[in-house]
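Okay, here's what each chain looks like letter by letter:
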Amino acid sequence: MAYQVTDARIGSQPIADTSTTQLHPLGTIVRANDPTYGEGEFIYLLGVVSTVVGSPVNYNPTTHQTALAPAGSNIPESIAFAMSANVASQYGWYQIGGLTVAAKSTGAMTVGTAVGISTAGFINATATGKEVSGAVVAATVTAAETTVQLQINRPHMQGRIT
């Protein structure tokens, strides 16, 4: 992915890069364009250990600290998708809108189906109470593939339902 920031900014950290120095205010949101994936929306956050490109992470809206999106029932948290391999001492961009490539665990997925998080840090087929709202499969994948294309719009984990 070769996203280029399209907002009127000088000196933006490239979308696919990490930095040990904070180069933007945490929580900054930008738009960027990729020749293959089109326009996307990204948020600038502090990383977490074991992040790979495409990892779904949840993030604290106050501290902007990330954590691998947990496998748990009915946890109402915003999530984003890592654009770079990252660690807790690095800063980087996470996608919150557009067509994204997400890390997935086992299972085939077809276009238009809902997704969930049953394994921390990986997208899975949907599961009761673990669904991700604002995300849908954009391209069919087999069980053997390690990533899946999703169409996302400010995704978040499902909250408690009755």
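Residues numbered from 1 in each chain as written. Predicted model: local features only at pLDDT ≥ 70, side-chain atom pairs only at ≥ 80, totals over all residues. Heavy atoms only, no water.

Undergrad: I keep staring at the overall build of the protein and nothing clicks. Help me out?
TA: Of regular secondary structure, the protein possesses zero helices and 12 strands. Reading the secondary structure of the protein in the N-to-C direction produces β-β-β-β-β-β-β-β-β-β-β-β. The C-alpha atoms of the protein give a radius of gyration of 15 Å, which matches the 15 Å a tight globule of 162 residues would have. In the protein, the proportion of contacts linking residues at least 24 apart, taken out of those at least 6 apart, comes to 60%. Charge centroids of the protein, computed over 6 positive and 8 negative side chains, lie 9 Å from each other. (Helix = DSSP H or I, 4+ residues; strand = E, 2+ residues; numbered from the N terminus. Rg over C-alpha atoms; globule rule 2.2 N^0.38 Å. Contact = heavy atoms within 4.5 Å. Lys, Arg positive; Asp, Glu negative; His and termini not counted. Charge placed at Lys NZ, Arg CZ, Asp CG, Glu CD.)

Undergrad: Can you help me understand the pairing of strand S10 (residues 122-125) in this one?
TA: Side-chain direction in a regular strand flips from residue to residue, so the side chains alternate between the two faces of the sheet. Both strand S9 (residues 114-119) and S10 contribute to a ladder of three bridges, which runs antiparallel. Bridging from a neighbouring strand, Val115 pairs with Ala125 of S10. (Pairing = 2+ DSSP bridges.)

Undergrad: When you look at the pattern of salt bridges in this model, what are you seeing that I'm missing?
TA: A side chain of one charge can pair with a side chain of the opposite charge when the charged atoms of the two come close. One pass over the full model with this rule turns up two salt bridges. One salt bridge connects Glu39 with Arg31, and the closest N-O pair in it is separated by 3.4 Å. The closest approach of N and O atoms between Glu41 and Arg154, which form a salt bridge, is 2.9 Å. Taken together, the residues Glu41 in strand S4 (residues 38-46) and Arg154 in strand S12 (residues 147-157) connect sequence positions 113 residues apart. Given a relative accessible area of 13%, Glu41 falls into the buried group. (Salt bridge = Lys/Arg side-chain N within 4 Å of Asp/Glu carboxyl O. Buried < 20%, exposed > 50% of the residue type's maximum accessible area, 1.4 Å probe, protein only.)

Undergrad: Would you explain the pairing of strand S5 (residues 56-59) in this entry?
TA: The side-chain alternation of S5 yields two buried faces, one formed by Pro56 and Asn58 and the other by Val57 and Tyr59. Relative to strand S7 (residues 79-82), S5 runs antiparallel, the two sharing three bridges. Opposite Asn58, over in S7, you have Ile79 as the bridge partner. Here S5 runs beside strand S6 (residues 66-68); their pairing, made up of three bridges, is antiparallel. Its bridge partner lying in S6, Asn58 is registered against Ala67. Counting the residues in the hairpin turn of S5 and S6 gives six residues, including His64, whose phi is positive at 65°.

Undergrad: Help me understand the packing of aromatic side chains in this model?
TA: The geometry of two aromatic rings is summed up by the distance between their centres and the angle between their planes. Taken as a whole and assessed by the stated rule, the structure comprises three aromatic pairs. A centroid spacing of 4.9 Å and a plane angle of 70° characterise the contact between Tyr3 and Phe42, whose relative ring orientation is edge-to-face. Here Phe42 lies in strand S4 and Tyr3 lies in the segment before strand S1 (4-5), a separation of 39 residues in the sequence. One exposure class covers both Tyr3 and Phe42, and it is buried. The rings of Tyr44, Tyr91 and Trp93 are connected pair by pair, giving a single aromatic cluster. (Phe/Tyr/Trp six-rings, centres within 6.5 Å; stacked < 30°, edge-to-face > 60°.)

Undergrad: How do you make sense of unusual backbone geometry when you look at a structure like this?
TA: The general pattern is negative phi for most residues beyond glycine and trans for most peptide bonds. A positive phi angle, near 70°, is found at Ser50, a position not held by glycine. When you line up the elements, Ser50 lands in the loop between S4 and S5. Take Ser50: its relative accessible area is 52%, and that puts it in the exposed class. Positive phi, normally seen in glycine, also occurs at Arg154, with a value near 45°. Under the relative-accessibility criterion, Arg154 is labelled partly exposed at 43%.

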